[in-house]
Amino acid sequence: ALARVCVARGDPAAAGARICRTLALVSALCARLCFYVCGALAHRLYSLYDYVIRRLLDANLHADVAALDEASELMEEIRSAWVAIAPRPARTAMG
């Protein structure tokens, strides 16, 4: 979201810094995939992360707000899925 604001206001240096930070995060997610254990799921996530990285690079090279929006929407879907499956603390009975 911050990179989008920087692109919109014509600040390529700040946009580039924000995009590079996001690229590092998505790259770290790629690096943590366990293909041996997760198999097909890991391969699908890798393909998605690779696509997001390419969209972020396009956004950085061409000040493309649409590419930023697409990458953001895709990563938000992944984040929402992780939140949905995250373990929740057990509730205790009140005495």
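First, a word on scope: everything that follows refers to the structure included in this document. This one's a predicted model, so the numbers in the text were calculated from it and none came from an experiment.

A few points about the pattern of salt bridges
Scanning the entire structure with this criterion turns up six salt bridges. The salt bridge involving D69 is made with R4; its shortest N-O contact spans 2.7 Å. Remark: R4 occurs in helix α1 (residues 2–8) and D69 occurs in helix α5 (residues 65–85); sequence separation between them is 65 residues. Here D69 falls in the partly exposed class, since its relative accessible area comes to 24%. Its relative accessible area of 37% is what places R4 among the partly exposed residues. One salt bridge connects D58 with R55, and the closest N-O pair in it is separated by 3.3 Å. Taken together, the residues span about one helical turn, with D58 and R55 both in helix α4 (residues 40–62) at a distance of three residues.

Here we look at the packing of aromatic side chains
Evaluated as defined, the whole model comprises one aromatic pair. For the pair F35 and Y46, a centre-to-centre distance of 6.0 Å together with 65 degrees between the ring planes defines the contact as edge-to-face. Placement of the pair is F35 in helix α3 (residues 35–38) and Y46 in helix α4, with a sequence separation of 11 residues. Exposure remark for Y46: the relative accessible area of 39% places this residue in the partly exposed category.

Concerning the state of the cysteines
Applying the stated criterion across every chain yields a total of zero disulfides. Between C6, a cysteine without a disulfide, and C20, which holds the nearest cysteine sulfur, the sulfur-to-sulfur distance is 12 Å.

Here's the deal with α5
With 21 residues, α5 ought to run about 30 Å at 1.5 Å a step, and its terminal C-alpha atoms sit 31 Å apart, in line with that. Within α5, the full set of buried residues consists of A67, L68, A71, M75 and I78. Angular distribution of buried residues about the axis of α5 spans 100 degrees; they occupy a single face of the element. Along α5, exposed side chains directed more than 90 degrees from the buried face belong to A66, E73 and E77. Tucked into the core, α5 has its buried residues touching α1, α2 (12–31) and α4. Its side-chain oxygen placed 3.0 Å from the backbone nitrogen of A66, D64 serves as the N-cap of α5.

Thresholds applied
- Think of each chain on its own: its residues are numbered from 1, step by step along the sequence as written.
- Confidence filtering applies because this is a predicted model: local features only for residues at pLDDT of at least 70, side-chain atom pairs given and counted only at 80 or more, and all residues used for totals across whole chains, interfaces and linings.
- Processing note: side-chain calculations cover all non-hydrogen atoms of the structure and skip hydrogens and water entirely.
- What makes a salt bridge here is a side-chain nitrogen of Lys or Arg within 4 Å of a carboxyl oxygen of Asp or Glu, nothing more.
- Secondary structure counts use DSSP, requiring at least four H or I residues in a row for a helix and at least two E residues in a row for a strand, with both numbered from the N terminus.
- When accessible area is computed with a 1.4 Å probe and restricted to protein chains, residues below 20% of their type maximum are described as buried, those above 50% as exposed, and intermediate ones as partly exposed.
- Stacked, tilted and edge-to-face pairs are distinguished by plane angle, under 30 degrees for stacked and over 60 for edge-to-face with tilted covering the rest, among Phe, Tyr and Trp rings (Trp via its six-membered ring) whose centres lie within 6.5 Å.
- The disulfide criterion used throughout: a pair of cysteine sulfur atoms within 2.5 Å.
- A helix is expected to reach a length of 1.5 Å times the quantity of its residues less one.
- The arc in question is formed by the directions pointing from the helix axis toward the C-beta atoms.
- Residues are treated as being in contact if the distance between any of their heavy atoms lies within 4.5 Å.
- Whenever two N or O atoms come within 3.5 Å, that pair is a polar contact, provided that in protein one can donate a hydrogen and the other can accept it, and provided that, for residues adjacent in sequence, both atoms are side-chain atoms.

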